[in-house]
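Analysis of the macromolecular model
In case you want the letters, here they are:
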Amino acid sequence: TWSKLMNITKKKLAKKLSNTSTITIKDSEIFINHFISLLKENVTSKKIKIHNFGTFKIKTSPERMGRNPKTGKIYKIKSQKKVSFKASSELKNNLN
């Protein structure tokens with residue numbers, strides 16, 4: 001079973017996928033690597049919606065002022081692109 005806080009490697013995920021399906025661990029690893037590659041390649045240009053799972057998309061954080069807590073020095077934090085994930089309502093319903 002999966003713990004509440006899940007840190008999982010691609011190998012462990014592939015093994016879990018293999019154990020719950022009819023594909024080999026090697027094929028599971030290939031599938032996971034291809035899936036992650038597709039996400040990386042496509043999320044930068046558009047949002048990726050996976051039906052009944054959720055949506056991955058790029059969000060841009062605004063430029064802001066930050067402060068080093070040790071020195072108190074104030075500096076500018078540049079705008080950054082971040083990947084966000086919004087779970088579908090069906091996935092949320094499965095959790096509750």
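Whatever comes next refers back to the structure up there.
Figured I'd write up the structure that's included with this text. (Residues numbered from 1 in each chain as written. Predicted model: local features only at pLDDT ≥ 70, side-chain atom pairs only at ≥ 80, totals over all residues. Heavy atoms only, no water.)

1. A closer look at the overall build of the protein chain
- Helix and strand content of the protein chain: 3 helices and 5 strands.
- N-terminal to C-terminal, the α/β element order of the protein chain is α-α-β-β-β-β-β-α.
- In terms of overall dimensions, the protein chain is more spread out than a globule: its C-alpha atoms have a radius of gyration of 19 Å, far above the 12 Å expected for 96 residues.
- Here the C-alpha coordinates of the protein chain stretch approximately 55 × 30 × 30 Å along the principal axes.
- By residue count, 16% of the 96 residues in the protein chain fall in the buried class. (Helix = DSSP H or I, 4+ residues; strand = E, 2+ residues; numbered from the N terminus. Rg over C-alpha atoms; globule rule 2.2 N^0.38 Å. Buried < 20%, exposed > 50% of the residue type's maximum accessible area, 1.4 Å probe, protein only.)

2. Quick notes on the packing of helix H1 (residues 10-19) against helix H2 (residues 25-43)
- Axis separation between H1 and H2 bottoms out at 8 Å; the angle between their running directions is 120°. Compared by their axis directions, H1 and H2 come out oblique. Taken as a pair, H1 and H2 cross one another with a handedness that is right-handed. Counted together, Lys10, Lys11, Leu13, Ala14, Lys15, Leu17 and Ser18 of H1 and Ile25, Ser28, Glu29, Phe31, Ile32, Asn33 and Ile36 of H2 form the full contact between these two elements. (Axes fitted to C-alpha atoms, helices over the stretch in contact; angles between N-to-C directions. Parallel < 35°, antiparallel > 145°, perpendicular 65-115°, else oblique. Left-handed = near helix turned anticlockwise from the far one by under 90°. Contact = heavy atoms within 4.5 Å.)

3. Things to note about the side chain of Thr55
- Along the chain, the position of Thr55 falls in strand S2 (residues 54-61).
- Judged by its relative accessible area of 18%, Thr55 falls in the buried class.
- Apart from residues no more than four positions distant in its own chain, Thr55 is found in contact with Lys47, Ile48, Lys49, Ser84, Phe85 and Lys86.

4. Brief notes about unusual backbone geometry
- The phi dihedral of Asn52 falls on the positive side, at around 65°, and the residue is not glycine.
- Mapped onto the fold, Asn52 is located in the loop between strand S1 (48-50) and S2.

5. A word on the packing of aromatic side chains
- A full pass over the atoms with the stated rule returns 3 aromatic pairs.
- Relative to Phe85, the ring of Phe53 has its centre 5.3 Å away and its plane inclined at 50°; by these criteria the two rings are tilted. Highlighted residues: Phe53 in the loop between S1 and S2 and Phe85 in strand S5 (residues 80-87), separated in sequence by 32 residues.
- For Phe85, a relative accessible area of 36% puts it in the partly exposed group.
- With centroids separated by 4.8 Å and ring planes inclined at 45°, the aromatic side chains of Phe56 and Phe85 adopt a geometry described as tilted. One end of the pair, Phe56, is in strand S2; the other, Phe85, is in strand S5, and 29 residues separate them in sequence.
- The buried category is assigned to Phe56, whose relative accessible area is 17%.
- Chaining the aromatic ring pairs together yields one cluster made of Phe53, Phe56 and Phe85. (Phe/Tyr/Trp six-rings, centres within 6.5 Å; stacked < 30°, edge-to-face > 60°.)

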